[in-house]
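# Structure at a glance
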Amino acid sequence: MNELVNQNLGKLDFTIAIPTFNGAKRLPTVLDKLLKQTNLQKITWEVIVIDNNSLDNTSELIKNYQKHFNNVCPLKYFHEKQQGIAYARMRAVSEAKGEFIAFLDDDNLPEHDWVWQSYIFGKKHPKAGAWSGQIHGDFEVNPPENFKIIQTFLAIREHGLQPYLFDADNLRLPPGAALVVRKKVWCESVPKQLVFKGRLGKFMLAGDDTEALLYIYKAGWEIWYNPAMHIYHQIPQWRLEKDYLIALARGCGLCIFQLRLINAKSWEKPIILIKTILGNLCRILQHIFKYKGQLKTNLIALFEIEFYLASMISPLYYLKCYFHRFL
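All values derive from a computational prediction rather than experimental measurement.

Reading the values: rules and limits
Position labels on residues start from 1 in each chain and follow its written sequence. pLDDT decides what is reported in this predicted model: residues at 70 or higher carry local features, side-chain atom pairs at 80 or more are listed and counted, and totals for whole chains, interfaces and linings draw on all residues regardless. Excluded from the side-chain calculation are hydrogens and water; included are all heavy atoms of the structure. Each residue gets one of three labels from its accessible area relative to the maximum for its type: buried under 20%, exposed over 50%, partly exposed in between, using a 1.4 Å probe on protein chains only. For helices the rule is a DSSP run of H or I covering at least 4 residues; for strands it is a run of E covering at least 2, with both sets numbered from the N terminus onward. Each direction from the helix axis to a C-beta atom contributes to the arc, which is the arc of those directions. Contacts are assigned to residue pairs that have any heavy atoms within 4.5 Å of one another. Every case where a carboxyl oxygen of Asp or Glu lies within 4 Å of a side-chain nitrogen of Lys or Arg is listed as a salt bridge. Only the six-membered ring of Trp is used, alongside the rings of Phe and Tyr, when aromatic pairs are assigned; centres must lie within 6.5 Å, and planes under 30 degrees apart are stacked while those over 60 apart are edge-to-face, with the rest tilted. Axis lines are fitted to C-alpha atoms, over the contacting stretch for helices. Their N-to-C directions set the angle, which ranges from 0 to 180 degrees. Any angle that falls under 35 degrees is termed roughly parallel, while one over 145 is termed roughly antiparallel, one within 65 to 115 roughly perpendicular, and all others oblique. Should the near helix be turned anticlockwise from the far one by less than a right angle, the crossing is termed left-handed; should it be turned clockwise, right-handed. Here the term charged refers only to Asp, Glu, Lys and Arg, the term nonpolar to Ala, Val, Leu, Ile, Met, Phe, Trp, Tyr, Cys and Pro, and the term polar to all other amino acids, Gly among them. Here the nonpolar core consists of buried residues drawn from Ala, Val, Leu, Ile, Met, Phe, Trp, Tyr and Cys, with membership extended through side-chain atoms lying within 4.5 Å.

### Some points on helix 2 (residues 27-35)
Looking only at helix 2, the buried set comprises L27, P28, V30, L31 and L34. Relative to the axis of helix 2, the buried residues are bounded by an arc of 160° and lie together on one face. Here the buried face of helix 2 lies against strand 1 (12-20), strand 2 (45-51), helix 3 (58-69), strand 3 (75-79) and strand 5 (108-110).

Structure, rendered in structure tokens:
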């Protein structure tokens, strides 16, 4: 009866939203995994693809796949012309019919019970505004030595077998990939215009997913880790190469100061400024001493130093962006 009521009102239990840019080669594997989801007989759900200005045949691919989804759930296609994953997610939220919205990147491969585990966790934790699970790396080539030190920057999260609350106060939050949110919570908590739009331009500025989650946390909602949800994140070779990793480290560091200001009280802001500069300066010096003689060959050490350096100058980047808005 509840299923019929939901359908009559145009509401569903669960929406999977897939933002994509030139994902025609990646999307089939993701969609095939969604077609094989289990234990969903009593759940009303849908899959929506947000095409963020793709130049390939993404739209045609989705049209061809829609017939395969006819007997499973609706598969819908939307085009979002404003570039950036933040805009794509906002469009997904506005189009979604589900009580819960799960964001899947076009390189995220869900286990057969991922939708079910995501859904029942949300039902069992009514104070959860957002939740995420285990994200395992599916590497095209072997990652560099000691890669686990930085694997969280590539949205790989393997945090054990016990659920726990993320530490939002210290920016320890899940990535936007494979994140599940309550639509009502997102609509009431997250601003329509976020500062961070996605990894656009030469700086590859990150922070879009963390910014949204900080607003959800600020509104009083919990953010959970659910180890029963499993995703495999495909990592191609080029994402393990030096140029990409250094750019990634820089983009993740430059947003740090602005993110810390979101939930800060006015009196805390000078303290955050000092800690951001001096704390990261100390880390840089410690790493230079620790890896003395290895910095030209140790990619992981270079990544960490680049991240700390970008974090240290993130207040200057914040000021640059602030004044640019008034020019």
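### Remarks on the side chain of H287
Mapped onto the elements, H287 comes out in helix 10 (residues 269-290). In contact with H287, other than residues within four places in its own chain, are E304, I305 and Y308.

### A look at the pattern of salt bridges
What the rule picks out here adds up to 11 salt bridges. Here R91 and E95 are joined by a salt bridge, their closest N and O atoms 2.9 Å apart. In this pair, R91 and E95 are both assigned in helix 4 (residues 85-95), four residues apart and thus about one turn of the helix distant. Residue class for R91 comes out partly exposed when judged on its relative accessible area of 21%. In this structure, K123 engages E99 in a salt bridge whose closest nitrogen and oxygen atoms are separated by 3.1 Å. With K123 in helix 5 (residues 114-124) and E99 in strand 4 (residues 98-103), the pair connects residues that are 24 residues apart, well separated along the chain. We classify K123 as partly exposed; its relative accessible area is 44%. Beyond isolated ion pairs, a larger network of salt bridges with shared partners links E80, R91 and E95.

### As for the packing of aromatic side chains
With the rule as written, the count across this model stands at 15 aromatic pairs. Measuring from centroid to centroid gives 5.6 Å for F103 and W186, while their planes differ by 55°, and the two rings are tilted. Pair noted here: F103 is in strand 4 and W186 is in helix 6 (residues 183-189), with a separation of 83 residues, a long-range link. Exposure remark for F103: the relative accessible area of 1% places this residue in the buried category. Their ring planes at 90° and their centres at 5.5 Å tell us that F139 and F147 sit as a pair that is edge-to-face. By relative accessible area, F147 is classed as buried at 4%. Within the aromatic cluster, the residues linked to one another by ring pairs are F100, W116, Y119, F121, W131 and W224.

### Thoughts on the environment of V185
Take V185: it is sitting in helix 6. C-alpha separation for the pair V185 and Y215, spaced 30 residues apart in sequence, amounts to 9.8 Å. Beyond its immediate chain neighbours, meaning those up to four positions away, V185 contacts G129, V190, I216 and W221.

### As for the packing of helix 2 against helix 3
The description of two packed helices rests on the angle between their axes and on the distance between the axes. Where helix 2 meets helix 3, the closest approach of the two axes is 11 Å, and the angle between their N-to-C directions is 15°. In terms of their interaxial angle, helix 2 and helix 3 are classed as roughly parallel. In the crossing of helix 2 with helix 3, the sense of the turn from one axis to the other is right-handed. Residue-level contacts link L27, P28, L31, D32, L34 and L35 of helix 2 to T58, L61, I62, Y65, H68 and F69 of helix 3. In terms of residue class, the contact of helix 2 with helix 3 is made up of nine nonpolar, two polar and one charged.

### So, the environment of P126
Tracing the chain through its elements places P126 in the loop between helix 5 and strand 6 (128-139). For P126, a relative accessible area of 57% puts it in the exposed group. Spatially, the C-alpha atom of P126 lies 9.4 Å from that of W221, the residues being 95 residues apart in sequence. Setting aside residues no more than four positions away along its own chain, P126 makes contact with R182 and W221.

### Some remarks on the environment of G176
As for its placement among the helices and strands, G176 is situated in the loop between strand 7 (164-165) and strand 8 (179-182). Residue classification places G176 among the buried positions, given a relative accessible area of 2%. Taking the C-alpha atoms as reference, G176 lies 21 Å from F303; in sequence the two are 127 residues apart. For G176, the contacting residues outside a window of four places in its chain are R89, F103 and D209.

### Overview of the nonpolar core
Membership of the largest hydrophobic core comes to 58 residues, with the highest contact counts inside it found for F103, V181 and W186. Once residues lying within four places of it in the same chain are set aside, the contact partners of V181 are E99, F100, I101, F103, G129, A130, W186 and I216. One finds V30, W45, Y65 and L75 within the second-largest nonpolar core, a separate group that totals 35 residues.

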